[in-house]
Amino acid sequence: MVKNFNHQKTIGIVGAIPDSQAFIFKANQLGFETYLLCKTAEEASLIVGADQVFIGTFEDQKIQDEFLMHCDLLVYYDETLNAAEVEEVQKTVIVPQGDDLLSIAQDRVLQKAFLESLSVNIAPYVTIVKAEDIEEGLRSIGYPAVLRTNQVNPESKKQSYFIYEESDIEEAAALLKYGTCVLESWIVSEQDLSISAAKTASGDLKLFPIIKKEYRKDRLFNVQVPAELNEELAHEIERVTHVILENIEFRGVTTIDFIISPADALYVGNIYPYPNILSRYSAEYCTLSTTEAHLRAIASLPIPDQIDCQVPYVFVPFYADQTAMINELLMIQPDWKFTFYPITKKDENNIQEAVGHILLKTEDVKKTLALLKDENY
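These numbers come from a predicted model, not from an experiment. (Residues numbered from 1 in each chain as written. Predicted model: local features only at pLDDT ≥ 70, side-chain atom pairs only at ≥ 80, totals over all residues. Heavy atoms only, no water.)

## Details of the pairing of strand β9 (residues 191-199)
Inference 1: Counting buried residues along β9, eight of its nine residues qualify, which places the element largely inside the surrounding structure.
Inference 2: Counted between consecutive antiparallel strands, the loop separating β9 from strand β10 (residues 205-207) contains five residues, among which G203 sits at a positive phi close to 95°. (Buried < 20%, exposed > 50% of the residue type's maximum accessible area, 1.4 Å probe, protein only. Helix = DSSP H or I, 4+ residues; strand = E, 2+ residues; numbered from the N terminus. Pairing = 2+ DSSP bridges.)

## Description of the sheet that holds strand β7 (residues 160-163)
Inference 1: Reading across from one edge, β5-β8-β6-β7 is the order of the four strands in this open sheet, with antiparallel pairing throughout. Looking at strand neighbours, the two that pair on one side only are β5 (125-128) and β7, the edges of this open sheet. On average, adjacent strands in this sheet sit at an angle of 20° to one another, irrespective of strand direction.
Inference 2: One ladder, built from four bridges, connects strand β6 (residues 145-149) with β7; its direction is antiparallel. Opposite R148, over in β7, you have S160 as the bridge partner.
Inference 3: On top of the sheet, helix α7 (residues 131-141) reaches β5, β6, β7 and β8 (181-185); it is set at about 25° to β8, its chief contact. (Axes fitted to C-alpha atoms, helices over the stretch in contact; angles between N-to-C directions. Contact = heavy atoms within 4.5 Å.)

## What to know about the packing of aromatic side chains
Inference 1: Following the criterion strictly, the structure yields 10 aromatic pairs and no others.
Inference 2: Taken together, F23, Y76, Y77 and Y274 form an aromatic cluster joined through their ring pairs.
Inference 3: Here the basic side chain of K112 rests over the ring of Y125, its NZ or CZ set 5.4 Å away from the ring centre.
Inference 4: Taking NZ or CZ as reference, R216 lies 3.9 Å from the ring centre of F221, over its face. (Phe/Tyr/Trp six-rings, centres within 6.5 Å; stacked < 30°, edge-to-face > 60°. Lys NZ or Arg CZ within 6 Å of the ring centre and 35° of its normal.)

## A short note on helix α11 (residues 290-298)
Inference 1: Most of α11 sits out of view: nine of its nine residues are buried.
Inference 2: Looking at the buried side of α11, the elements it contacts are β1 (10-14), α1 (18-29), β4 (73-76), β9, β13 (252-260) and α10 (282-285).
Inference 3: Looking one or two residues past α11, S300 carries a phi angle of roughly 60°, positive in sign.

## Section: the packing of α1 against α11
In helix packing, the relevant descriptors are the interaxial angle and the interaxial distance, both defined with respect to the helix axes.
Inference 1: Relative to each other, α1 and α11 sit at 60°, their axes nearing to 9 Å. Read as a crossing pair, α1 and α11 show a hand that is right-handed. Here A22, F23, K26 and A27 of α1 lie close against α11, whose contacting residues are T291, E292, H294, L295 and I298.
Inference 2: Considering only residue class, the contact of α1 with α11 consists of five nonpolar, two polar and two charged. (Left-handed = near helix turned anticlockwise from the far one by under 90°. Nonpolar A, V, L, I, M, F, W, Y, C, P; charged D, E, K, R; others polar.)

## With respect to the sheet that holds strand β2 (residues 33-38)
In sheet architecture, strand pairing relies on hydrogen bonds along the backbone and comes in two forms, parallel and antiparallel.
Inference 1: Taken together, four strands build an open sheet; the order of strands is β3-β2-β1-β4 and the sheet is parallel. The sheet is open, and its two edges are formed by β3 (52-55) and β4, each paired on a single side. Averaged over neighbouring strand pairs, the angle between their axes works out to 20° when direction is ignored.
Inference 2: Direction of pairing for β1 relative to β4: parallel, over a ladder of four bridges. Paired with V14 across the strands is Y76, a residue of β4.

## Focus on the pattern of salt bridges
Inference 1: Taken as a whole and assessed by the stated rule, the structure comprises 13 salt bridges.
Inference 2: One salt bridge in this structure joins K112 and E184, with 2.5 Å as the shortest N-O distance. Taken together, the residues K112 in helix α6 (residues 108-117) and E184 in strand β8 connect sequence positions 72 residues apart.
Inference 3: One salt bridge connects E236 with R239, and the closest N-O pair in it is separated by 2.8 Å. Of the two residues, E236 and R239 are both situated in helix α9 (residues 231-245); the distance of three residues between them amounts to about one turn of the helix.
Inference 4: Classification of R239 as partly exposed rests on a relative accessible area of 45%. (Salt bridge = Lys/Arg side-chain N within 4 Å of Asp/Glu carboxyl O.)

Set out below in structure tokens:
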């Protein structure tokens, strides 16, 4: 690789997900050298394109000597990574994302306390330590509610349980074996929205379009780009996004969830510390993808002031249990753009994890969604 460009650095990437795969491709395209760190050889085998691959964790002396010491920058795509580890690693290598964003994204109680300190609306919640706390919490916030683990636990296949009535409590309480949980009021809404933003080294925020999401069977069903919103609501979402992200020290791309109650109240949901499935819609029809924006932000490269989507479209993830349907659609829909994620090519797939997506340009979102229904998607 040519070494005479001023911007070129070696970037260490931690984590094996489709978004880290996309990041490696984009970093290579822009002339960076990429080192990948995975916990296991199986994870590493699912990612291609990195200049060097390392197996292990930050605690391993070999990883410290051969990986960390040779990286100019480090970027993480691992929801199980401990924020304290990132804080320690920053003594050795620059981590533009920092540890604050990861801490806030990973710890639900901390996240809610942070958002409350900024006086933004969040759903009523209660911290749950023991099973008895669930019934007491429900008396406070009412039904329906959702019980979630306070932090992501890789040992737990299920991270949340919906509680619609008293008979659901016993099953939901099983989550407590993984530690403290959060019981949150479930706000029913047809307006489930997200916005992604890139924060630069100077602290400037570059906002992506607001998107609308739909979920089915506890997994993402589609993303509508951009969301059809009145101007006042769009401005308020952008204002709250600025309030939140200006108070977190980080560089890179993050995504924030919002929901609109039936009374038109705006509530802040989850905060995500790096590009993920909710921002993959940007890869084709936006003037800049979240992947490239993330790379440019952490590497101090310029980002356009305005990021737009050139046409309305729908992003549709697909899953391992939809293989037959996707094979059929691939044969009969030549205008649809299909993408299969390399990382998901393994023997056993989690049916909650998307194995690819479809992008459908459209002038009529409702008509397109009806077409998907007609195809029994």
